[in-house]
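# Report on the structure
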Amino acid sequence: MELRVIGCHGGETPKHRTSAFIVNDVLAVDAGSITSGMTTQEQAKLGACLVSHAHLDHIRDLATLADNRCQMGCAPLVVVGMKETLAALREHFFNNLIWPDFSKIPSDEQPTIVFQEILPEVPTKVGDFLVRAVPVSHTIDAAGFVIEHGGDAIAYSGDTGPTDRLWEVLNEQPNLRALLMEVSFPNAEQGLATASGHHTPRTLALDLVKYRAPTDLPTLLYHIKPVFQSLVEHECAQLKGLNLQVVQLQDRFAL
Ligand SMILES: [Zn+2]
Ligand SMILES: [Zn+2]
């Protein structure tokens, strides 16, 4: 699989973009910066978007993506999420107030977006991919994803603090090639991290121990808060015995 980083931060500045990753040019994983980071041709190629949870930094560019794709006459984009996430998108985002309901535009028969619910831990076909959503520990209902294609798997933590089930699932995933893992705040901001359901490098290290399979699994860190970027990177560099890499905008990985 090819993984492309469009946005990998827990905030935004001209040099930081909110979470959005693309697999094999067709599958988006969260939509924090899809339109600010991709050309219209690239946006048109997408078939589906996995949405980990309803927080704005993960959904915001669904609005502008739908608008662009509607004007380009694209096939419906499949927006995949757990029941609670899709309910929030319908009620609070594509609600004809904050933004038009693109699940009915230009018509009920040929909409710009269609919603596909994914049940927790049920392998679900999304295009050419087999996807499992695994509930994680955040301030609202949130999922991580295991994404399989052609005998390989990658995992995405979504936004989470210390959690258990994700690691149990990953321990039983022998073809796992990489893990996109969140870390947001520096160790000194543990109170903020705990209150907001995020990791610090300290809690990240404690959670990664729950993964018992090969310790050289490429662990790609994302969701660092821009204000704390250099400090969190420095603290992660101190963690030994792990194959950690802080991802950067425009990174591409062949996994
Ligand atoms: Zn969140
Ligand atoms: Zn977030």
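Check the entry above for the structure.
Definitions and limits used
- Residues numbered from 1 in each chain as written.
- Chains lettered and ligands numbered in written order.
- Predicted model: local features only at pLDDT ≥ 70, side-chain atom pairs only at ≥ 80, totals over all residues.
- Heavy atoms only, no water.
- Donors = N, O, S within 2.8 Å, 3.2 Å for Na, K, Ca; no water.
- Tetrahedral: all angles 85-135°; square planar, octahedral: opposite > 155°, others 65-115°.
- Helix = DSSP H or I, 4+ residues; strand = E, 2+ residues; numbered from the N terminus.
- Buried < 20%, exposed > 50% of the residue type's maximum accessible area, 1.4 Å probe, protein only.
- Core = buried A, V, L, I, M, F, W, Y, C linked by side-chain atoms within 4.5 Å.
- Contact = heavy atoms within 4.5 Å.
- Salt bridge = Lys/Arg side-chain N within 4 Å of Asp/Glu carboxyl O.

With that settled, consider the coordination of the zinc ion (ligand 2). Within the protein, Asp57 (OD), His58 (NE2), Asp159 (OD) and His223 (NE2) serve as the donor atoms for the zinc ion (ligand 2), at 2.1 to 2.2 Å. Its 4 donor atoms give the zinc ion (ligand 2) angles of 91 to 164 degrees at the centre, a pattern that matches the irregular case. Within one chain, the residues serving as donors to the zinc ion (ligand 2) are arranged as D-H-x100-D-x63-H. Separating the zinc ion (ligand 2) from the zinc ion (ligand 1) is a distance of 3.6 Å, and Asp159 supplies a donor atom to each of them. Highlighted residues: Asp159 in the loop between strand 10 (152-156) and helix 6 (165-171) and His223 in the loop between strand 12 (219-222) and helix 9 (229-237), separated in sequence by 64 residues. The exposure class of Asp159 is buried, given its relative accessible area of 2%.

If you look at the biggest cluster of nonpolar residues, it comprises 28 residues, and the most contacted ones within it are Phe21, Leu50 and Ile147. Ignoring sequence-local partners within four residues, the contact set of Ile147 consists of Met1, Leu27, Val29, Leu50, Phe129, Leu130, Asp152, Ala153 and Ile154. Ala153, Val169, Leu179 and Val246 belong to the second-largest nonpolar core, a separate cluster that totals 27 residues.

A few words now on the pattern of salt bridges. On inspection of all chains with the given rule, the structure shows 9 salt bridges. Across the pair Arg252 and Glu2 runs a salt bridge, and its minimum N-O distance is 3.3 Å. Of the two residues, Arg252 sits in strand 14 (residues 252-254) while Glu2 sits in strand 1 (residues 2-7), which places them 250 residues apart along the sequence.

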